[in-house]
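Next come the chains, spelled out residue by residue.
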Amino acid sequence: MTASLGTPPGTTVVDVAVIGAGVVGSAIARLLSGHELDIALLDARDDVGDGTSKANTAILHTGFDASPGTLESRLVAEGYHLLKDYADRTGIPYEPTGALLVAWDDEQLGALPELQRKAERNGYHATEIVGPGEVYAQVPALGPGALGGLTVPGESIICTWTTTLALATDAVRRGTRLLRGHRVESVTVDGDHTVLHTSAGDVRARWVVNAAGLGGDVIDGHFGHDRFHLHPRRGELFVYDKQARPLVDRIVLPVPSKLGKGVLISPTIYGNVMLGPTAEDMTDRHDTATTESGYAFLLDKGRRIMPSLLREEVTATYAGLRAASDVSDYTIEVDAVQRYAVAGGIRSTGLTSSMAVAEYLVDLLGKAGLSLHPRDELPEPPHMPNIGEARPRPYADAERIARDPAYGTVVCFCERVTRGEIRDALSSIIPPHDLDGLRRRTRAMNGRCQGFYCGATVTGMLRDAPRRGEGQQR
Amino acid sequence: MSTPRTRLTPEVAIVGGGPAGLRAASELAQSVSGDVLVLEREHEAGGIPRHCAHTGFGIRDLHRVLNGPDYARRLVRATEAAGAVIRTDAMVTGWTGDGGLEVTTPAGLAQVHAKAIVLATGARERPRTARMIPGDRPDGVYTTGMLQNLVHLHHREAGTRAVIVGSELVSWSAVLTLRHAGCRTVLMTSEHRRPEAYAAFTVPGRLGLRVPVRTRTRVARVIGKGRVEAVEIEHLDSGSRDVVECDTVVFTGDWIPDNELVRAAGLPLDGGTCGPVVDSELRTARPGLFAAGNVVHPVDTADVAALDGVQVATSVLEHFAGRAGESGGVRIVADEPLRWVSPMVHTPGGRGPTRGRLLAWADTYRPFPRVTVRQAGEVIARRRVPWPAAPGRVFRIPGELLDAARPDGGELRISLG
Ligand SMILES: Cc1cc2nc3c(=O)[nH]c(=O)nc-3n(C[C@H](O)[C@H](O)[C@H](O)COP(=O)(O)OP(=O)(O)OC[C@H]3O[C@@H](n4cnc5c(N)ncnc54)[C@H](O)[C@@H]3O)c2cc1C
Ligand SMILES: Cc1cc2nc3c(=O)[nH]c(=O)nc-3n(C[C@H](O)[C@H](O)[C@H](O)COP(=O)(O)OP(=O)(O)OC[C@H]3O[C@@H](n4cnc5c(N)ncnc54)[C@H](O)[C@@H]3O)c2cc1C
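All of these numbers come straight from a predicted model, not from anything done at the bench.

Reading guide: rules and limits
Residues numbered from 1 in each chain as written. Chains lettered and ligands numbered in written order. Predicted model: local features only at pLDDT ≥ 70, side-chain atom pairs only at ≥ 80, totals over all residues. Heavy atoms only, no water. Near = heavy atom within 4 Å. Polar contact = N/O pair within 3.5 Å; in protein donor to acceptor, adjacent residues only side chain to side chain. Areas by Shrake-Rupley, 256 points an atom, 1.4 Å probe, with all protein chains shown as cover. Helix = DSSP H or I, 4+ residues; strand = E, 2+ residues; numbered from the N terminus. Nonpolar A, V, L, I, M, F, W, Y, C, P; charged D, E, K, R; others polar. Phe/Tyr/Trp six-rings, centres within 6.5 Å; stacked < 30°, edge-to-face > 60°. Buried < 20%, exposed > 50% of the residue type's maximum accessible area, 1.4 Å probe, protein only. Salt bridge = Lys/Arg side-chain N within 4 Å of Asp/Glu carboxyl O. Domains from an automatic or database assignment. Contact = heavy atoms within 4.5 Å. Buried area = accessible area lost by both parts, 1.4 Å probe. 1 Å grid on protein atoms, 1.4 Å probe; cavity = no way out; pocket = protein on both sides within 12 Å on 5 of 7 lines; lining within 4 Å. Points joined across faces, edges and corners; volume = space filled by probe spheres on them. UniProt positions renumbered as here; feature names shortened; annotations may be inferred. Core = buried A, V, L, I, M, F, W, Y, C linked by side-chain atoms within 4.5 Å.

On to the site of ligand 1, then. Residue and element names in this part refer to chain A. Inspection of the region around ligand 1 gives 37 residues, with Asp43, Ser53, Thr57, Arg347 and Thr352 positioned closest. Contact distances for ligand 1 include 3.1 Å between a nitrogen atom and a backbone N or O atom of Ala44. With respect to ligand 1, the side chain of Thr352 contributes an N or O atom lying 2.7 Å from an oxygen atom. Across the complex, the protein chains shield 95% of the 1,000 Å² of accessible surface that ligand 1 would expose by itself. Elements that contribute at least two residues to the shell around ligand 1 include exactly helix H1 (23-32), strand E18 (314-325) and helix H8 (350-367). Here the shell around ligand 1 is composed, by residue class, of 15 nonpolar, 17 polar and five charged.

Right, here's the structure in full:
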């Protein structure tokens, strides 16, 4: 089954090749490799979760505000429970903070009952409409003028980086061959299998799953389809200093409009406070730059929602690209003749829905003829390092330090990342290939000084780590 | 079941083993009977001078001119010789419920309960993100601190063409480091009408550094995918912009104290320095808690930080002797064009500030500024000083200008002109 490890992928034929190691592709590869199948997971980039899955608002959505009846609504609601359960088993950091949706004018106030009804139709029954007194009791730091709100107690914050990494690590432990740095450039058919021509050689597969995020429509085109068209919708975000964290203990949502979910203020799982995102339609699929106009827009919004937040220091700014589709729902379909499946247009909810998308898509694959025999012995799901603030981290764990002093040696002071954690990340099943990858695994250098103190040490540890080849990660 | 935390009970605990903390420790170790413990989170004590390979340290405190690493080593040796204990790799992460320090070390967690605590945690430069400079997020963007760590402590390379943001004293330190690393500084930007550091006119001349400085400009955007390719520069008066190619950008100056423990203690921050509010004896509002060095004046030179150490040591001893009254002096307020004045509280009849000078930060250049002190709307002192007030560099104000302050007269407002 996985005996071909180490042989060049171009010469063997895998059962399924999954294109795209974002959160969706990783969830799919993980699920598939729970069966008697030989799976390859490809990504153009040097790391898993290096696309849209790394730069979002990292909220585990209940799906209360989805469009009822859509596939998205269903998969977000299912994915919420699947991911929460998986997070409990693997240690993916999350925190059930709950959310408060705030109405700032009469029109928004008037929209709350309809939003509540919508939540009910999406199967979410825990919302409550509250008056201004309760709104300010829940979030005293809100600016003046809030008229009322809707509570959504199930909304949670989660670590998006660890989520993708956990799913991909699980997949690799189950035998998936992770092929980083493999950009699929064209596709040909060769008898009973498909040849993916990549920037690092050919990959042959009986079945192909397209989970290429923003690249999904292009891959779909390689297979001769023309069913959805994507464009990037950029979202810029500010991350404020941890000292702002006492200002807000739950997600503060705006009333959604036609333009999208709007600008929120939320604690992050790392103990910061986030303001964003913007929503800007773009053409360049790689432009994750932040902009002056985006900053001005966010500051303007932030000043109204929580003026005291703007007095705090900004620790980080970034931008992510949603895969906006001209189809108003997810496109998840299987072409049995081509032995090809697509999970496309997974736009602003894909972190939450990823595991449900995987279940839905794998089920379709089975119906289309992919033989799905569950494997008898599966490795336990991985136990992920805790980089969240909801539970004690190594620097504060006396027993752990007693067992291994490296966890008592703080290297990144602002984020309190220890030498032991960096060492572990560098020798993990999917080790980082660059500084950003190390930052996503440990939080090192993500803090307020951005490397003033620790930058040289952290980059030194990365440089000195032996780089292991792909495929030996077992 | 749970592994216990080690409990340490020194007489004095000092957080931060830079010039201020080390000097305070060496003074105190000679005078108190119990232990004086310095907690330093880095692997080596010495603070920022450890990675400032150039000369210019020790003038006012040691009366000689040393390079940074030599200066740091000398301070460490003197502190140890005086009998203080320096624990490195010891990071103070917060406060215990009863005012002790939570510490993480490779040997385990510790709680430190001391009769007096001195915060000497220093200051750092604001990185690009805190300055909210938009654009791509490529490699090759540093602060001076990170750059010097890379080049001097880790012997790594910088790029070949650098743009330095800011022209403070520290910015010239960055120029030197880049030159050492074989990287040319193609441009230095300053938002001010003239380069901030007046020493800029003498230091670079002396060192033969020829660096083009563009005043009244700011970096509006960083460009480049993997590595920096260019920055977009805006001229502040005309609004015109152009693109300057470079592979390295160093954000210098724009200091902020390492104030986490101050805020975690529930102590007020000074709006100007963003550090703790201290009086001329370097006492905070909490009895037995003191602060010294760049955490109270971001930033002055290392020698002044060290002399703060002497000042704070005296205050700790007075505290032990029961001679220190409550820190309840007269609030000092900085008026434009001053951004801050340190100390922030004047103690009438007290010892006066370190070296008899108040420190201040000016936002505009004044060649021969006239310092005015007002209390309750009345001018109580006014004096022209023969040294300039320049942005990016501490401005020193003679302490005796506060001599006429009335203890009950309300806040003291200090301005220029
Ligand atoms: C600003 C913002 C906020 C968001 N907030 C939330 C939120 O709070 N909660 C939530 O649930 N969701 C949120 N989302 C949505 C969520 O981030 C996405 O839906 C999810 O990350 C999509 O995952 P993916 O795997 O489909 O895409 P990606 O993570 O983009 O992965 C696709 C991968 O495919 C690879 N690829 C593309 N083309 C090729 C090719 N030709 N060959 C090989 N590899 C290729 C890419 O390199 C990439 O790694 C947000 C999104 C944004 C932008
Ligand atoms: C690039 C550059 C060039 C300079 N050039 C000169 C020069 O030529 N001449 C000169 O006189 N001065 C110079 N300076 C200024 C000088 O370095 C500072 O004035 C001096 O270091 C301040 O001393 P300090 O003790 O207040 O702070 P620091 O030197 O910053 O020391 C603070 C110490 O506290 C430690 N610390 C902080 N928080 C904790 C915690 N929670 N737990 C444990 N430890 C902690 C830090 O690790 C650090 O070691 C320069 C500064 C820079 C950045």
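This part takes up the packing of aromatic side chains. Applying the stated criterion to the full structure yields eight aromatic pairs over all chains. When the ring of Trp340 of chain B is compared with that of Trp361 of chain B, the centres are 5.8 Å apart and the planes differ by 20 degrees; the resulting orientation is stacked. Of the two residues, Trp340 of chain B is situated in strand E23 (residues 338-342) and Trp361 of chain B in strand E25 (residues 357-362); the sequence distance between them amounts to 21 residues. Exposure class is identical for Trp340 of chain B and Trp361 of chain B. Each is buried. One aromatic cluster is present, formed by Phe238, Tyr240 and Tyr295 of chain A through successive ring pairs.

For the rest of this paragraph, the subject is the pattern of salt bridges. Counted under the stated rule, the structure contains 65 salt bridges over all chains. With a shortest N-O distance of 3.6 Å, Asp85 of chain A and Arg89 of chain A are connected by a salt bridge. Here the residue Asp85 of chain A and the residue Arg89 of chain A both occupy positions in helix H2 (residues 71-90), the gap between them amounting to four residues, near one helical turn. Judged by relative accessible area, which is 42%, Arg89 of chain A ranks as partly exposed. A salt bridge links Arg413 of chain B to Glu411 of chain B; the shortest N-O distance between them is 2.5 Å. Residue class for Arg413 of chain B comes out partly exposed when judged on its relative accessible area of 31%. Note on Glu411 of chain B: relative accessible area 37%, which makes it partly exposed. Shared partners join several salt bridges into a network, and the residues in it are Asp47, Asp50, Lys54, Arg180, Arg440 and Arg441 of chain A.

Turning our attention to the domain arrangement of chain B. Residues and elements named next belong to chain B. Partitioning chain B into structural domains gives domain 1 (6-124 + 256-327), domain 2 (127-253) and domain 3 (345-416). When each unit is reduced to the centre of its C-alpha atoms, the spacing between domain 1 and domain 2 is 31 Å. With five residues of domain 1 in contact, the opposing surface of domain 2 contributes seven residues. Here domain 1 meets domain 2 over a buried area of about 580 Å², counting both sides, of which 62% is carbon and sulfur. The interface formed by domain 1 and domain 2 holds two residue pairs in polar contact (both at pLDDT 80 or more) in total. Residue composition of the side of domain 1 that touches domain 2, by class: two nonpolar, two polar and one charged.

For the coordinates displayed, the defined rule picks out three cavities of 30 Å³ or more. What the largest cavity holds in volume is close to 80 Å³. Residue lining of the largest cavity: Ser280, Leu282, Val296, His297, Asp308, Ser342, Pro343, Pro353, Thr354, Arg357, Leu358 and Leu359 of chain B, and that is the complete set. With three residues, E25 of chain B is the single largest residue contributor to the lining of the largest cavity. In terms of residue class, the lining of the largest cavity is built from six nonpolar, four polar and two charged. Counting the residues that make up the lining of the largest cavity, at least three belong to each of domain 1 (6-124 + 256-327) and domain 3 (345-416) of chain B. Approximately 60 Å³ is the volume found for the second largest cavity. For the second largest cavity, the full set of lining residues is Asp47, Val48, Gly49, Trp161, Thr164, Leu165, Arg440 and Arg441 of chain A. At the level of elements, helix H5 (160-173) and helix H11 (435-442) of chain A are the ones that each hand at least two residues to the lining of the second largest cavity. Considering each element in turn, the lining of the second largest cavity owes the most residues, three residues, to H5 of chain A.

Once that is clear, we can look at the UniProt feature "domain: BFD-like [2Fe-2S]-binding" (unreviewed entry) in chain A. Following the UniProt record, one finds the feature "domain: BFD-like [2Fe-2S]-binding" (unreviewed entry) at residues 410-462 of chain A. Between the end C-alpha atoms of residues 410-462 of chain A there is a gap of 16 Å, over a span that is 45% helix and 9% strand.

Our focus in this paragraph is the site of ligand 2. Residues and elements named next belong to chain B. Near ligand 2, the surroundings consist of 37 residues, among which Glu40, Gly56, Asn294, Asp300 and Ala302 are the closest. A distance of 3.5 Å separates a nitrogen atom of ligand 2 from a polar atom in the backbone of Leu39. Within the backbone of Arg41, one N or O atom sits 3.2 Å away from a nitrogen atom of ligand 2. Contact with the protein chains hides 95% of the accessible area of ligand 2, taken as 990 Å² for the molecule alone. A breakdown of the residues in the shell around ligand 2 according to their chemical character gives 17 nonpolar, 15 polar and five charged.

It is worth spelling out the nonpolar core at this point. With 58 residues, the main nonpolar core has Ile14, Val36, Leu101 and Leu119 of chain B as its most contacted residues. Not counting the four nearest positions on each side in its chain, Val36 of chain B is found in contact with Val12, Ile14, Ala25, Leu28, Ala29, Ala84 and Val85 of chain B.

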